[in-house]
Amino acid sequence: MNTIRQGNAYNENSNTKMRTIPNKTVILYQRLSREDGDKAESDSIQNQRRILTEYADRNNLTPYVNIQDDGFSGANWNRPGWQEIISKVENNEVSTLILKNLDRMGRDYLRAGAYREMFREKGVRLIAVEDNFDSDKGDDDFTPFREIMSEYFARDTSRKIKAVIKNKGRNGKPLGTTPMYGFRHDPDNKYGRIIDEESAAIVRRIFQMTLEGIGPYQIAKTFVAEKIQRPSYYMYHAGIVKSPGKCNMSMPYNWTGATVLDMLKKREYMGVLENFKTYKPSFKNKKQVPTAPEERYIFEGALPQIIDPQTWELAQKMRRTVRRPSGESEPNPLTGLIYCADCNGKMHNRRSHYNTDKNGKKIAPTDNYECKTFRNHAHKHIDMCSLHFIRTAVIRELILDTIQSVSTYAKENETEFVAKLREATSIKQKDTAKAHRRQLAKNDKRIRELDLLFRKVYEDNAIGKLSDERFLQMSGDYEQEQADLKEQTAIITAELDAFEQDTLNVDRFMELVHRYTKFDELTTPMLHEFVDKVIVHEADRSTGERVQQVDIHLNFVGHFIIPGTEALPLTPEEQAAEEERLAKKRIKNEKLRNWRAKKRAEKAAAQTAV
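Just so we're clear, the structure is a prediction, and the values are computed from it rather than from any experiment.

Draft legend 1. Local environment of helix 8 (residues 257-265). Among the residues of helix 8, G257, V260, M263 and L264 are the ones counted as buried. The buried side chains of helix 8 occupy one side of the element, clustering within an arc of 125 degrees when seen end-on. For helix 8, the elements touching its buried residues are helix 5 (197-211), helix 6 (216-225), helix 7 (231-237) and helix 9 (309-319).

Here you go:
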């Protein structure tokens, strides 16, 4: 807060009143960094104000204004108070600027020198009380050196603080002093976090709404309508944080899509502490730069879990696909899951909401998927891929039927289900996996023995106990054996990894199956929890019927075909009957086409006659 005070004192070294410049102001500036203290009105700020006020009153430097920056580092020149001073100087509103020390101005000697030059050009008198500096008394050769030492102090302090923060972050402690929305401080552990149930319920709701296909901006709009307090406002009024920061207290429900999207990205909600996500390139630059993922420190289970990992991963998967509403309708939840079998591209959802054509005739709305590659190039008369047309209702029906049948089979035949999943894996039984692990231990032991043997024959050769010819032969044999063992180890390790992944996938799929008690309706959360992707093939009309293959890949189990449901070859009698049926259908279709062509011709003739 700025304060103005009138004074009528005399110069401490003179009985004559000092002259003040009309229409210009004396500014008393105080600054304190957070490292020195972060009280709302700290003692150090009060001490600076007292010293500057006494000096101004003694020397009749009036009227004066108090401007302060409490909690700002000297390396930061974008301080609100300092920027206000610079604005006033540029507008020729300042006669004198008084500081306790020159380092209160800032800790960058080049910037400080530039500002001193600016003050000189604008006719602003600069006074540093305790440094005995007064620009009206002429240049002080010691001032630049003092500013260099001030910058060195800031650099040294920054280095020490970074060392403390790095040590803290590497030991698995949260780096931020403010808990994330959804958490609050643990009263029994200064570095601990506990779940704040009221805000955690909002976090869970955000993830659930995301799984239902609702976008972050729609979520924010819903929260604004329901008057749910935004995170910064809530945490301040709940007493979780002591300062409102930049929060506008007049807008308590101002949720934004960016806020929701940022919350969806935080791994902390599934109990993972991620330290060093950003860094500052220099103590002079306060801009945060993202850290490379491999340089971050990850601590699993370091925080209480608000969201389970499966829900978090599914939310990330859904956010990677952009879903745009069509007219007044919600985005189609299938978007991002449907792929073209030929070009492997994502298919595009096309919907119409018109209920009449140009002649006023009622038409039904459409909702289907088409190959995006084909549509993007067709209007340019470029032949790429093909339409791959399929209705949304058909895909939903196929997906629901697949989920129902595979889940029922997995529940009723779990042993056979596991065996079927492992058909493509080299290891199919637990006994084989145990044998592989034993072989890995033997290989590892033999590789270490070969290292010792190679070292021994090398020493024997060096002291003349073993001829060069014999040494080359033995060392070559050892190296070849070691290379073969390493190659075998790599193959066995890959097979074991695949076996263990299969086991994990089966467990996760069965957990998912048991979580749902019924599969009567295909809900959006069910769709994204069960379905990995849907591959649509081009329709085949060679037989006179439209036949289309659709491959549905489920999460964890892939394109699973239930044993006994595979298409069996037809017997000769069945083949003959099928050919006869198709021939009759072709004749019927041909008659229908001829009748339609005749009707079109009659209609055209009637219009021509009129």
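Back to the text.
Draft legend 2. A look at the packing of aromatic side chains. In total, this model carries 22 aromatic pairs according to the counting rule given. A centroid spacing of 6.0 Å and a plane angle of 65 degrees characterise the contact between W77 and W82, whose relative ring orientation is edge-to-face. As far as burial versus exposure is concerned, W77 and W82 are alike and both buried. Judged by centre distance (6.1 Å) and plane angle (10 degrees), the rings of F183 and Y269 are stacked. Here the residue F183 occupies a position in strand 7 (residues 183-186), and Y269 occupies one in the loop between helix 8 and strand 9 (273-275), the gap between them amounting to 86 residues. Each member of the pair, F183 as well as Y269, carries the same accessibility label: buried. Every member of this aromatic cluster is reached through a ring pair, and the members are Y409, F417, F509, Y516, F519, F530 and F560. A cation over an aromatic ring shows up here: R79 above the ring of W77, its NZ or CZ 5.5 Å from the ring centre.

Draft legend 3. Summary view of the sheet that holds strand 17 (residues 531-536). Pairing is mixed in the open sheet, where 3 strands are placed in the order 13-17-18. Two strands lie at the open edges of the sheet, namely strand 13 (338-340) and strand 18 (550-554), each paired on one side alone. Averaged over all pairs of adjacent strands, the angle between strand axes in this sheet comes to 25 degrees, irrespective of strand direction. Relative to strand 17, strand 13 runs parallel, the two sharing 3 bridges. Of the residues in strand 17, the one forming a bridge with I338 is V534.

Rules used in this analysis
Residues numbered from 1 in each chain as written. Predicted model: local features only at pLDDT ≥ 70, side-chain atom pairs only at ≥ 80, totals over all residues. Heavy atoms only, no water. Buried < 20%, exposed > 50% of the residue type's maximum accessible area, 1.4 Å probe, protein only. Helix = DSSP H or I, 4+ residues; strand = E, 2+ residues; numbered from the N terminus. Arc of directions from axis to C-beta. Contact = heavy atoms within 4.5 Å. Phe/Tyr/Trp six-rings, centres within 6.5 Å; stacked < 30°, edge-to-face > 60°. Lys NZ or Arg CZ within 6 Å of the ring centre and 35° of its normal. Pairing = 2+ DSSP bridges. Axes fitted to C-alpha atoms, helices over the stretch in contact; angles between N-to-C directions.

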